[in-house]
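Coordinate inspection notes
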Amino acid sequence: MTLENFNLNRVEREVLLSYQKNNAFPHTILVEGGTLSTRLSFARFLANMIVCTSISEKPCGVCKACIKCNAQSNPDIKEYGEEKVNATFKVELSREIRQDAFVIPNDGDKKVYILKEAQNMNDASENALLKILEEPPHFDFFIMTSESRNAMLDTILSRSTVISLKDGDREISRECLELATGIALSICESDELKTLEALSVLQAKKDLFEETAECLKVIFLDTLKYKQTQKNNSSYYEAVDILCNKLSVNKIYSLINTTDDLQLRFKQNANYNLLVTAMCVELRKAAGK
Ligand SMILES: [Zn+2]
């Protein structure tokens with residue numbers, strides 16, 4: 001399993017890669033969003049990343065810590081709380097964690113606590129936990145999962161690095177997929193009309209914007225991956241194949257950034273007609289047209 005298995009945005013993925021590279025992880029991480037099962041598998045993946053002793057890519061899958069993680073028997077990773085969105089996370093549990101946290105790791109030099117569905121904590125449980133989050137022993141790491149950061153006390157949040165998983169395993173609709181592919185291919189054409197044509201559908205259907213832009217970004221990210229690894233495993237195989245031949249790495253980066261920026265402006269409620277017009281100009285410019 002790699003980071004690519006999880007639905008993260010690009011910035012978060014890069015931040016995580018930098019933690020991995022520097023072997024410096026935040027002591028308290030809150031994983032929000034996604035589904036209950038994606039949150040938990042991501043939390044376990046992160047825990048594995050933290051305890052892995054490889055000096056390059058983590059989790060390496062072959063070190064002693066990773067082998068134990070894969071067998072779900074790493075004594076330095078402990079899970080607390082129920083795998084339910086609605087349950088009670090008792091204050092006694094927080095106190096137990098607080099005591100255990102001072103015990104040095106068993107195998108390695110780091111210990112990870114996975115606190116499942118932390119939205120189930122009441123104020124007393126959170127406050128009991130806060131004491132250890134404020135000044136954790138250097139070997140302790142805490143990963144909480146929660147439906148939403150809004151369910152947590154501000155005092156806990158202010159000590160946490162929040163990582164958001166996007167909602168579920170949402171299927172991209174056929175319409176958005178075709179739209180995104182059409183836009184991606186048109187920006188490499190010398191005739192601007194092709195791009196305008198591809199975008200005219202989007203202009204008329206504002207509700208398709210977010211999904212189409214997301215899909216477009218995946219196409220560009222897959223193209224970048226193909227360029228770097230010479231392997232095309234994309235679900236948008238044909239479009240990625242064509243784009244890879246036509247675009248340089250720098251142009252692909254530029255397209256990813258441009259798409260990020262367009263998505264942000266959409267979220268900030270920019271004038272929609274102007275945004276789609278800008279999309280035509282900016283994507284073509286990023287592609288060197
Ligand atoms: Zn490892």
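Coordinates for the structure precede this section.
Residues numbered from 1 in each chain as written. Predicted model: local features only at pLDDT ≥ 70, side-chain atom pairs only at ≥ 80, totals over all residues. Heavy atoms only, no water.

1. As for helix 4 (residues 91-100)
Applicable threshold: Burial here depends on accessible area, computed with a 1.4 Å probe over protein chains only, as a share of the maximum for the residue type. Under 20% is buried, over 50% is exposed, and the range in between is partly exposed. Think of it this way: any DSSP run of H or I at least four residues long counts as a helix, any run of E at least two long counts as a strand, and we number them from the N terminus. When checking whether two residues touch, look at their non-hydrogen atoms; a contact exists if any pair is within 4.5 Å.
Of the positions making up helix 4, those classed as buried are V91, S94, I97 and D100. If you follow the buried residues of helix 4, they end up packed against strand 2 (77-80), strand 3 (111-115), helix 5 (123-134) and strand 4 (140-146).

2. Focus: the layout of surface pockets
Using the following cut-off: Definitions used for this entry: grid spacing 1 Å over protein atoms alone; cavity, a set of points where a 1.4 Å probe fits but cannot get out; pocket, an open set with protein on both sides within 12 Å along at least 5 of 7 lines; lining residue, one with an atom within 4 Å of a point. Grid points are joined across faces, edges and corners, and a volume is the space filled by probe spheres set on the points.
Roughly 440 Å³ of internal volume is contained in the second largest pocket. Taken together, 16 residues line the second largest pocket, and the ones lying closest to its centre are R44, N48, C69, N70 and Q72.

3. Topic: the coordination of the zinc ion
The condition is simple: Water is not part of the atom set, so a site may look incomplete; the donors themselves are N, O and S atoms within 2.8 Å of the metal, or 3.2 Å for Na, K and Ca. Every angle between 85 and 135 degrees makes a four-donor site tetrahedral, while opposite donors more than 155 degrees apart, with all other angles between 65 and 115, make a four-donor site square planar and a six-donor site octahedral; other sites are irregular.
Coordination of the zinc ion by the protein involves C52 (SG), C60 (SG), C63 (SG) and C66 (SG), with metal-donor separations of 2.2 to 2.3 Å. Bound by four donor atoms, the zinc ion shows angles of 105 to 116 degrees at the metal and therefore tetrahedral coordination geometry. Judged by its relative accessible area of 27%, C60 is partly exposed. Residue classification places C63 among the buried residues on the basis of a relative accessible area of 12%.

4. With respect to the sheet that holds strand 4
The cut-off we apply is this: Pairing between two strands requires that DSSP report at least two bridges joining them. Axes here mean lines fitted to C-alpha atoms, for a helix over just the part in contact, with angles spanning 0 to 180 degrees between N-to-C directions.
A sheet is described by the order of its strands in space; here five strands give the open sequence 2-3-4-1-5, paired in parallel fashion. Every other strand in the sheet has two partners, leaving strand 2 and strand 5 (161-165) as the edge strands with one partner each. For this sheet, the mean inter-axis angle between neighbouring strands, taken without regard to orientation, is 20 degrees. Where strand 1 (residues 28-33) and strand 5 come together, five bridges link them in parallel fashion. If you follow V31 over to strand 5, its bridge partner there is I163. This element, helix 4, spans strand 2, strand 3 and strand 4 of the sheet and lies at about 165 degrees to strand 2.

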